Amino acid sequence: MDLTTTDAFDGLECVDCGATFDAAEATHECPDCGGVLDPTYDYDAIDLDRETLASRPFDSMWRYEELLPFTRESAVTMDEGATALVDCPNLADELGVGRVLIKDEGRNPTGTFKDRGQTVAVTAATQHGASDVVLASAGNAGQAAAAYAGRAGLESHVFLPSRSGFTNKAMVNVHGGDMNVVGGRIGDAGAAYEEAREEHEDWYPLQTFVTPYRHEGKKTMLYEIVEQLDWDVPDAICYPTGGGVGLVGMYKAATEFRDLGLIDDLPAMYAAQASGCAPIVEAYEEGWDEHEPVETPDTICGGLEIPDPGASPWILEALRETDGGAVATDDPDILEAGVQVAKHEGLEMVPSAAAAASGAWELAERGEFDGDETIVILNTGSGNKEADVLRSHLMGQGV
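Residues numbered from 1 in each chain as written. Predicted model: local features only at pLDDT ≥ 70, side-chain atom pairs only at ≥ 80, totals over all residues. Heavy atoms only, no water.

Looking at an unreviewed UniProt entry, one finds the protein named L-threonine synthase and attributed to Halopiger aswanensis. According to the UniProt record, the Cofactor (unreviewed entry) comment for the protein is "pyridoxal 5'-phosphate". (UniProt positions renumbered as here; feature names shortened; annotations may be inferred.)

What follows is the structure, given as structure tokens:
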């Protein structure tokens, strides 16, 4: 099978055992050990400098085509990416730092950063000859998958927990997806997804870290942030962490830009979680190399309620290698952070992403910052996806 790949794309490497594979042959987990596969490149073959990037329209994440597996021409794309990086001076004053910016991923086609992963993963599915794609999702990834599958002419099968938001459920159907609501939490949806895979071996999985390509799409957030800051690397990036796909993607992107000579330093990466489901924070604080699954996860932030993140060793490496950290805050503080950002900066944060704002507040209160830093907070989705959750928090305060 011939894939329409970029010139420098080498293939796939297992992050667990180190084995390498041809991308036309290996499509998902490592055939040798079942580990996560990661796209690799011949970086010596990539001739990319700041001037070249500056000459291109800031119109899509596919402007970084040389550092992606597939050509822009072959991509299933809706011009996702190229989202705004918004200065938040009121938030900077609150945190007592030099500058705070929010990367607003709510401006993507289906309203979240999940589009960055699905454009690459669905492109891979089409090139591998898939007719059906399948995944379990807390909500937003399922909506994005249905959208991109529809655009590619593929059938999509999405397994969501009942707690997923109305918008996600409605739009999976609107995009033509086969929606299956299973149980109450993501684990229930995951079990149903596994059963479906066993029954339909020809269905192409788009599951996080099962496909090698979702984190590869999300790494483009870091490329954009650095370029939007005129190549000044932010001192810290606060990232709302469930499965951690975007965090490891951005960590990879920062090392790529450094190795290509485009930047000198890596930003400190901070994982922000909800106290009711914080396996990464626990592992980081205990000095573990891998997390312990959370037995009874309990947070209103559905996107963060991932009790058993499969790539925790990679996430923890990213935090430690960049001199970052991990922070957990309570649900009321997370929702209050989302409300305060909306009230004083105008930006609408999805509750799960508000954990990154809440986490940044907590880090500032702990004295983590010196006072002159540039901090970037990732808003991974549009607040109107779960406006009812934010409104309920207000109502509970008697507003």
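(A) How the structure looks around the packing of helix 10 (residues 279-286) against helix 11 (residues 312-321). As a packed pair, helix 10 and helix 11 sit with axes 10 Å apart at the nearest point and diverge in direction by 55 degrees. Here helix 10 lies oblique to helix 11, going by the angle between them. Pair helix 10 / helix 11 crosses with right-handed handedness. Between helix 10 and helix 11, the residues in contact are Ile 280, Ala 283 and Tyr 284 and Ser 312, Ile 315, Leu 316, Leu 319 and Arg 320, respectively. (Axes fitted to C-alpha atoms, helices over the stretch in contact; angles between N-to-C directions. Helix = DSSP H or I, 4+ residues; strand = E, 2+ residues; numbered from the N terminus. Parallel < 35°, antiparallel > 145°, perpendicular 65-115°, else oblique. Left-handed = near helix turned anticlockwise from the far one by under 90°. Contact = heavy atoms within 4.5 Å.)

(B) Structural context of the UniProt feature "domain: Tryptophan synthase beta chain-like PALP" (unreviewed entry) in the protein. In the numbering used here, UniProt assigns the "domain: Tryptophan synthase beta chain-like PALP" (unreviewed entry) feature to residues 76-381. Regarding residues 76-381, the helix share stands at 44% and the strand share at 16%, and the terminal C-alpha atoms are separated by 21 Å.

(C) Layout of the side chain of Thr 6. Topologically, Thr 6 is positioned in the segment before strand 1 (9-14). Thr 6 has contacts with Glu 65, Glu 66, Leu 68, Pro 69, Phe 70 and Thr 71, leaving out every residue within four places of it along the chain.

(D) Examining the sheet that holds strand 10 (residues 236-240) more closely. Spatially, the 6 strands line up as an open sheet ordered 4-5-13-10-11-12, and their pairing is mixed. With partners counted over all chains shown, the strands left at the sheet margins are strand 4 (85-87) and strand 12 (325-329), one partner each. For this sheet the average axis-to-axis angle between neighbouring strands, irrespective of direction, equals 25 degrees. The pairing of strand 10 with strand 11 (residues 268-274) spans 5 bridges and is parallel. From the neighbouring strand, Cys 238 faces strand 11, where its bridge partner is Tyr 270. Of the strands in this sheet, strand 4, strand 5 (99-104), strand 11 and strand 12 touch helix 12 (residues 331-345), which is tilted by about 115 degrees from strand 11. (Pairing = 2+ DSSP bridges.)

(E) Structural detail: the nonpolar core. Counting 85 residues, the largest nonpolar core has Tyr 213, Met 250 and Phe 257 as the members making the most contacts within it. Here this core gets 8 residues from one element, more than from any other, and that element is helix 9 (residues 245-259). When residues of this core are assigned to domains, at least three map to each of domain 1 (85-112 + 212-397) and domain 2 (131-202). Those residues in contact with Tyr 213, other than ones at most four positions away along the chain, are Phe 9, Leu 12, Ala 23, Pro 39, Pro 69, Phe 70, Gly 117, Val 120, Ala 121 and Ala 124. Ranked by size, the runner-up nonpolar core spans 27 residues in total, among them Leu 95, Ala 268, Val 327 and Leu 347. (Core = buried A, V, L, I, M, F, W, Y, C linked by side-chain atoms within 4.5 Å. Buried < 20%, exposed > 50% of the residue type's maximum accessible area, 1.4 Å probe, protein only. Domains from an automatic or database assignment.)

(F) Up close: the domain arrangement of the protein. Taken as a whole, the protein is organised into domain 1 (85-112 + 212-397) and domain 2 (131-202). Here the C-alpha centre of domain 2 lies 25 Å away from the C-alpha centre of domain 1. Counting residues at the interface gives 16 residues for domain 1, matched by 13 residues for domain 2. Carbon and sulfur atoms make up 49% of the surface buried where domain 1 meets domain 2, a total of about 980 Å² over both sides. Among the residues of domain 1 in contact with domain 2, Thr 110, Glu 305 and Lys 385 are the three that bury the most area, contributing 47% of the side total. Linking domain 1 with domain 2 are 2 salt bridges, by the criterion used here. Arg 163 serves as the salt-bridge partner of Glu 305, at 3.0 Å between the closest nitrogen and oxygen. At the boundary of domain 1 with domain 2, the tally comes to 6 residue pairs in polar contact (both at pLDDT 80 or more). (Buried area = accessible area lost by both parts, 1.4 Å probe. Salt bridge = Lys/Arg side-chain N within 4 Å of Asp/Glu carboxyl O. Polar contact = N/O pair within 3.5 Å; in protein donor to acceptor, adjacent residues only side chain to side chain.)

(G) Main features of the sheet that holds strand 1. Taken in spatial order, the 3 strands line up as 2-1-3 in an open sheet, and their pairing is antiparallel. The outermost strands of the open sheet, each flanked by one partner alone, are strand 2 (20-21) and strand 3 (37-41). With 5 bridges joining them, strand 1 and strand 3 adopt antiparallel strand pairing. The partner of Phe 9 across the bridge, within strand 3, is Tyr 41.

(H) Main features of helix 13 (residues 351-365). Helix length check: helix 13, at 15 residues, gives a terminal C-alpha distance of 21 Å against a target of 21 Å (1.5 Å per residue), a fit within 8%. Among the 15 residues of helix 13, 12 are classified as buried, and the element is accordingly described as predominantly covered. A positive phi of about 85 degrees marks Gly 367, the residue just after helix 13. (Expected span 1.5 Å × (residues − 1).)

(I) Here's a closer look at the layout of surface pockets. Approximately 310 Å³ is the volume found for the second largest pocket. Lining the second largest pocket are 15 residues; nearest its centre among them are Val 15, Asp 38, Lys 252, Trp 314 and Glu 317. Sorting the residues of the lining of the second largest pocket by element identifies strand 1, strand 3, helix 9 and helix 11 as the ones contributing at least two each. No other element matches strand 3, which puts 4 residues into the lining of the second largest pocket. In the lining of the second largest pocket, the residues fall into 8 nonpolar, 2 polar and 5 charged. (1 Å grid on protein atoms, 1.4 Å probe; cavity = no way out; pocket = protein on both sides within 12 Å on 5 of 7 lines; lining within 4 Å. Points joined across faces, edges and corners; volume = space filled by probe spheres on them. Nonpolar A, V, L, I, M, F, W, Y, C, P; charged D, E, K, R; others polar.)

(J) Just the pairing of strand 1, in detail. With 2 bridges joining them, strand 1 and strand 2 adopt antiparallel strand pairing. Of the residues in strand 2, the one forming a bridge with Glu 13 is Thr 20. Counted between consecutive antiparallel strands, the loop separating strand 1 from strand 2 contains 5 residues, among which Gly 18 sits at a positive phi close to 85 degrees.

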